[in-house]
Amino acid sequence: MTEPLLVVSHLHMHIGTPRGAVRAVDDVSLAIEAGQALGVVGESGSGKSMLARAIMGLLPPRAARSGSIQFKGQDLMTLPVKEQRDLWGKQIGMVFQDPGRSLNPVVRVERQLTEGMRRHLGVGRSEARTRAVRLLDEVGVPDPEARLGNYPHQMSGGMRQRVMLAIALACEPDLLIADEPTTALDVTIQRQILDLLRRVQTSRGMAMMLISHDLSVVAGRTDRVAVMYAGQLAETGATREVFAAPRHRYTHALLDATPTLHQERHARLRVIEGSLPDPTAPPPGCRFSQRCTAPVEGCAEGPIPMESVGADHRVACLNPAGAPDLVVAGGSSDGR
Amino acid sequence: MAGSGAAHLRGDEALLSVEDLVVEYRTSAGVVQAVSKVSFDVLPGETLGIVGESGCGKSTTGRAVLRLDTVTSGSIRFRGRAIEGLDEREMRALRREMQMIFQDPVGSLNPRRPVRELVVEGLDIAGASRKDQEAAAGRVLEAVGLADDRFRDLLPRRLSGGQAQRVAIARALAVEPQLLICDEPVSALDVSVQAQILNLVEDLKRDLGLTVVFIAHDLSVVRTVSDRVLVMYLGKLCEFGEPEAVYASPAHPYTRALLDSVPQPDAVDGFTGPALEGDLPSPLSPPTGCRFRTRCPRADEQCAAEEPQVAEIRPGQFAACHHPLPVPEVLAAAGGAAVPVPARSSA
């Protein structure tokens, strides 16, 4: 496919607050090819969830967006509401963090699962039911026939997230946006859901945007990754390369601050000093510059362009962390 | 896990010693068996990490030690003194020696009181003078890195998550405890803030000679802080030992499965071993025998019929399992379990 499935260009989303406009998403550009999985990672306040909401058009109160969001050549921001509705759920599916709250508590699984199919695909009641059983089976829900009659509260968190995924997949979307889909789940259940997401994504040839605060959640399951900080992209590239040789000072510091399973007993963790800049009045240059251990002249003034540092690796940093061998010498790529 | 037994206890020198702890809750649906015959001890100056998924009873265990939840049966000894039978007044005095911090730092602080009052609440209740309280507030706030005067008059809602957790730690320290129980202290925090709090706990432990019980679901975090690790599943003990041995060559299949479920950036598909099937059984009617058997790849009839007892599988490494895992071959060849490399599954 020549044209990427989703192209986001110069997307801004600002939210009005009593203290001024919060620049939640500030000039973000990225693309997802058909069938590709893109991970978006960042800590709280990075704007990763707001980026997803801006793409989905689920704006918080008093928010406005600008830029362009091209999906299959159509601009989602200028598309009439009626046509947008045809797109959502049908060609773009969504899964959120809290399956307990995004499912309707007083409606049985069957209706929540078949509603979209009947509306978007125009299938009849019995056909929709057959498909629903097949979907639940695909996402690993045991005894799917019986589960159709359940209410959400009768299922465990992992089961509810499987049902959410089945609902998102019901109309065979080309793009799945999963915002922190496993954050509320235990590790062994998280593992099951992550395996399932990747399996479904590759077997259906569907594109996926996987948003997480946890770098390792994204690492093994995406083709490309975008690291966000304070509303902007810090680094994008092939997932393996970004994790093996992070170039942005923020990505580097974040990986160093994350304890691993091979951590030495009582070893001190590297900390990132300071805190996020004020989201209503971010500094003009690099937003990480005040916490950065290696700032150079120009970092504070900006603007900082996204520069290519590899075949598929771009970074917004004037003094990127060393080449891969230097990273090893610094002792930070151990075990990751 | 499944099992009971006290083979892993280390005797009289322990600061805290818990034997056959049982905590049950009565609900309209039946009796929830939150903790069932769990034993462990903590030596002075040691950090014990308790790790497991939700519903494993790790938080209940921590709360039971402070008697914040009613202990159904079992014995809890602190400095050699049995505390399960103490009355509420004696317990209140004892809690000055055993302090606890919680997961939600903002929620655990009174929203209407400024930081300088919050941190000395315990001293105030104990009847300390104004002057002593003020000195203590300055001392503990400095210890947790909030020496700046601007923090003293802030209300909890003005604090960031990391700052609020520091205040909670300062409050615990104000009464000069010997034992600090941390219940998921960093799970609500971002990675960069989490690193600050973990380093702080390490510093305080070293400088003040604290003994720590660190309860968390994150295996990497527990590995970083712990001298001994206790793995729990559905109210039972699975495995106990030094973190290097437990992580490199787990003896209990559940420990192995937990480790294999942690996403790894360097593994091909992101994980080092097979996934665990199924969901957690209900604590209202846990499986007979070993409680892990319904999800265990090694389970057989014996596991259903007979509850495994805690036994020493390898020197210093204890597990409650009828079919413990051997040391992975790569490690056995390298001469033991202490090699700090992850093992690929040998099961």
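Residues numbered from 1 in each chain as written. Chains lettered and ligands numbered in written order. Predicted model: local features only at pLDDT ≥ 70, side-chain atom pairs only at ≥ 80, totals over all residues. Heavy atoms only, no water.

What follows covers the packing of aromatic side chains. Summed over the entire model, instances satisfying the criterion amount to seven aromatic pairs over all chains. Seen from their ring centres, Tyr229 of chain A and Tyr250 of chain A are 4.5 Å apart, and the 50° between their planes marks the pair as tilted. Remark: Tyr250 of chain A occurs in helix α11 (residues 249-257) and Tyr229 of chain A occurs in strand β9 (residues 224-229); sequence separation between them is 21 residues. A single burial state applies to Tyr229 of chain A and to Tyr250 of chain A, both of which are buried. When the centroid spacing of 5.1 Å and the interplanar angle of 65° are considered together, the rings of Tyr254 of chain B and Phe292 of chain B count as edge-to-face. With Tyr254 of chain B in helix α10 (residues 253-260) and Phe292 of chain B in the loop between α10 and α11 (301-305), this pair connects stretches of sequence that are 38 residues apart. For the pair formed by Tyr254 of chain B and Phe292 of chain B, the shared burial category is buried. An aromatic cluster is present here, built from Tyr229, Tyr250 and Phe288 of chain A joined pairwise through their rings. Over the aromatic face of Phe151 of chain B sits the side chain of Arg150 of chain B, whose NZ or CZ is 4.5 Å from the ring centroid. (Phe/Tyr/Trp six-rings, centres within 6.5 Å; stacked < 30°, edge-to-face > 60°. Helix = DSSP H or I, 4+ residues; strand = E, 2+ residues; numbered from the N terminus. Buried < 20%, exposed > 50% of the residue type's maximum accessible area, 1.4 Å probe, protein only. Lys NZ or Arg CZ within 6 Å of the ring centre and 35° of its normal.)

Residue and element names in this part refer to chain B. Taken domain by domain, chain B consists of domain 1 (16-97 + 178-334) and domain 2 (107-176). Centre-to-centre, using C-alpha coordinates, domain 1 lies 30 Å away from domain 2. Tallying the contact residues gives 13 residues for domain 1 and 12 residues for domain 2. On the domain 1 side of the interface with domain 2, the three residues burying the most area are Arg96, Leu200 and Leu204, jointly 44% of the side's total. At the boundary of domain 1 with domain 2, the tally comes to zero salt bridges. At seven residues, the largest contribution of residues to the side of domain 1 that touches domain 2 is made by helix α7 (residues 191-208). Per-class residue counts for the side of domain 1 that touches domain 2 are 10 nonpolar, two polar and one charged. (Domains from an automatic or database assignment. Contact = heavy atoms within 4.5 Å. Buried area = accessible area lost by both parts, 1.4 Å probe. Salt bridge = Lys/Arg side-chain N within 4 Å of Asp/Glu carboxyl O. Nonpolar A, V, L, I, M, F, W, Y, C, P; charged D, E, K, R; others polar.)

This paragraph deals with the environment of Gly162 of chain B. Residue and element names in this part refer to chain B. Tracing the backbone through its elements, the reader meets Gly162 in helix α6 (residues 161-174). For the pair Gly162 and Leu189, spaced 27 residues apart in the sequence, the C-alpha separation amounts to 6.8 Å. Not counting residues up to four positions away in its chain, the partners in contact with Gly162 are Leu189, Val193 and Ile197.

Turning our eyes to something else, we now look at the confidence of the model for chain A. Considering every residue of chain A, the mean pLDDT works out to 89; 95% of them sit at 70 or more. A low-confidence stretch, residues 324-336 of chain A stays under pLDDT 50, and its non-local contacts, those more than four residues away or across chains, total 17 contacts. (pLDDT = per-residue confidence, 0-100.)

All names here are of chain B. Strand order in this open sheet of eight strands is β6-β7-β8-β3-β9-β10-β12-β11, and the pairing throughout is mixed. A single partner strand is all that each edge strand has here, and the edge strands are β6 (98-101) and β11 (311-314). Neighbour-to-neighbour, the strand axes of the sheet open up by a mean angle of 20°, direction not taken into account. Bridge count between strand β3 (residues 47-51) and strand β8 (residues 211-216): five bridges; the pairing is parallel. (Pairing = 2+ DSSP bridges. Axes fitted to C-alpha atoms, helices over the stretch in contact; angles between N-to-C directions.)

Our focus in this paragraph is the sheet that holds strand β8 (residues 207-212) of chain A. All names here are of chain A. Read from one edge of the open sheet, eight strands run β6-β7-β8-β3-β9-β10-β12-β11, paired in mixed fashion. At either margin of the open sheet sits one strand with a lone partner, and together these are β6 (92-95) and β11 (307-310). Sheet twist, expressed as the mean angle between neighbouring strand axes with direction ignored, is 20°. Across five bridges, the pairing between strand β7 (residues 175-179) and β8 is parallel. Residue pairing across strands places Leu176 opposite Met208, the latter belonging to β8. The sheet contacts of helix α1 (residues 48-56) involve β3 (37-41), β6, β7, β8 and β9, and relative to β8 the element is tilted by about 145°.

Further remarks concern unusual backbone geometry. Positive phi values are uncommon outside glycine, yet Asp143 of chain A reaches one of about 50°. Following the sequence through the fold, Asp143 of chain A ends up in the loop between α5 (125-138) and α6 (144-147). The exposure class assigned to Asp143 of chain A is exposed, which follows from its relative accessible area of 53%. Although it is not a glycine, Leu234 of chain B adopts a positive phi angle of roughly 45°. Its relative accessible area of 2% is what places Leu234 of chain B among the buried residues.

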